Amino acid sequence: MLAARVIPCLDIKDGRVVKGVRFQQLRDAGDPVENAAAYEEQGADEIILLDVSATPEGRGNAVETVRAVRAVLSIPLTVGGGVRKESDAGRLLDAGADKVGINTAAVSRPDLVAEIAQRFGSQCTVLAVDAAARPGEPPVIGTRRGHIRTSPSQLRSRWEVVVKSGSDRTGLDVVEWCRKATTLGAGEILLTSWDRDGTRDGYDVDLITAVAGAVTVPVIASGGAARSEHLVAALRAGASAVLVASILHDGDTTVADLKLGLSRGGITVRR
Amino acid sequence: MRQVVVIPTGTANTASVIAAFKRLDAEPVLAADPQAVEGAERVVLPGVGAFAPAIDRIDQLGMRDALTSRIQGGQPTLAICLGMQLLCTSSEESPDSIGLGIVPEIVTRFTAELRVPQLGWNMVEPDGSTSLEPGWAYFANSYKVPRLPEDWAGATTDYGGSFVSAMERGAVLACQFHPELSGAWGSNLLRRWLWKTA
């Protein structure tokens, strides 16, 4: 039986780990190689590196950091940030990534998902989606699986895709976009709640339920984790993996403690 | 220092395989031609991506015969993920392509009720007399070898039913999982394979 995965995420800016709240107020959180090695030691199932400097300033991706982390890491490594073309993905994979996350560029040009999946395979093509509740709609209170009826025949989800670290609201429906990306070849969805990112209010369970129910690929829940109960709720809602960042970087807990909590909550984990 | 010849199957993840062997103080080198594969003490056939482009790449490099004869002869060879599937006759993924045909099985897709690809850690359970140990291994696959062929030992894993997670014959080891990404358990497996003799 497949174990639920706990995935520490390192946001990288200028070769350092950073963390903010809703992608802003970034603060230093250490050296990527040291952090990645420590999390593997604690029992992390995978590591995600996101180059957060890549998109807003239009800079390239963190190849050197990937190479340095790969040298010490014997668990899977996913890298995202600034992937605009197939060759960007190739460069990250050559440096030692096992999977590549695509976000903003795929929203502008969905065929990028198909190009990367055809070249490198679906299992290494991760669609990263930043989801925000549409303005004027309650971000927390649940409705029927998170959908709103806009006309007698039309349902849309309560979330829209945001890009460029949340500065651009696209109006694109999150659930529709995830479904479309998987038909183009995305093999996994990294689903971040922009509303919850860095807040420690728990994952957006309605969002996870809506997306995991609409696609057949694994979904990684992201944004808002503070306690193992939050992780249990996300996994019960249909996520295959949970992403954690702030609480680990700040030393509030460890991967081992979180996994112990999952195990006590009846979730199968690798121990 | 033990040299390991890695076949460049053209797609991703070769860097992870090379990094894993370097951590074990082996010397991984990329194979340039079929002679390198014939003469090598140890060969790794990695593979991610689709069946057709990977087997086409092996044919382009002229390595089909060299690979087949060393695997038939039990020379130390490690096939990883798609590399293991290439040992079979063919695959549902690319019905028009012909595999190495060393293992008389057809590679099949996981059933529709499951989340596919299988991405994550699953339990490897050794079957028969093998050097494999039980443990958690990292998988990233949509297709699998359905049953253990005769004359091979190995291991199975459960994902909506049992599938073959490893096959072993002599010093030939084929893994559906990624030992290079399977933590300390995977490193130990690679280390044992490095010291195997034909």
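About the cut-offs
Residues numbered from 1 in each chain as written. Chains lettered and ligands numbered in written order. Predicted model: local features only at pLDDT ≥ 70, side-chain atom pairs only at ≥ 80, totals over all residues. Heavy atoms only, no water. Phe/Tyr/Trp six-rings, centres within 6.5 Å; stacked < 30°, edge-to-face > 60°. Helix = DSSP H or I, 4+ residues; strand = E, 2+ residues; numbered from the N terminus. Buried < 20%, exposed > 50% of the residue type's maximum accessible area, 1.4 Å probe, protein only. Contact = heavy atoms within 4.5 Å. Buried area = accessible area lost by both parts, 1.4 Å probe. Salt bridge = Lys/Arg side-chain N within 4 Å of Asp/Glu carboxyl O. Polar contact = N/O pair within 3.5 Å; in protein donor to acceptor, adjacent residues only side chain to side chain. Nonpolar A, V, L, I, M, F, W, Y, C, P; charged D, E, K, R; others polar.

> What is the right way to read the packing of aromatic side chains from this model?
The relation between two aromatic rings is expressed through the spacing of the ring centres and the mutual angle of the planes. All names here are of chain B. For the structure shown, the criterion picks out 7 aromatic pairs over all chains. An angle of 80° between the planes, with centres 5.6 Å apart, marks the rings of Phe 139 and Phe 163 as edge-to-face. With a gap of 24 residues between them, Phe 139 in strand E8 (residues 135–141) and Phe 163 in strand E11 (residues 162–169) connect regions that are remote in the sequence. We classify Phe 163 as buried; its relative accessible area is 1%.

> Would you mind showing me how to read the interface of chain A and chain B here?
As a measure of interface size, the accessible area lost when the parts come together is often cited. Opposite the 37 residues of chain A that make contact, chain B presents 31 residues. Across the interface of chain A and chain B, roughly 2500 Å² is buried in total on both sides, 57% from carbon and sulfur atoms. Our enumeration of links across chain A and chain B arrives at 0 salt bridges. Linking chain A with chain B are 17 residue pairs in polar contact (both at pLDDT 80 or more). When residues of the side of chain A that touches chain B are traced back to their parent elements, those giving at least two are helix H2 (63–72), helix H3 (86–95) and helix H5 (111–120) of chain A. Among the residues forming the side of chain A that touches chain B, the class breakdown is 16 nonpolar, 9 polar and 12 charged.

> Explain the environment of Trp 185 of chain B here, please?
Residues and elements named next belong to chain B. Checked against the element boundaries, Trp 185 lands in helix H6 (residues 183–194). Classification of Trp 185 as buried rests on a relative accessible area of 15%. Discounting chain neighbours no more than four positions away, the residues touching Trp 185 are Val 124, Glu 133, Pro 134, Gly 135, Trp 136, Ala 137 and Phe 177.

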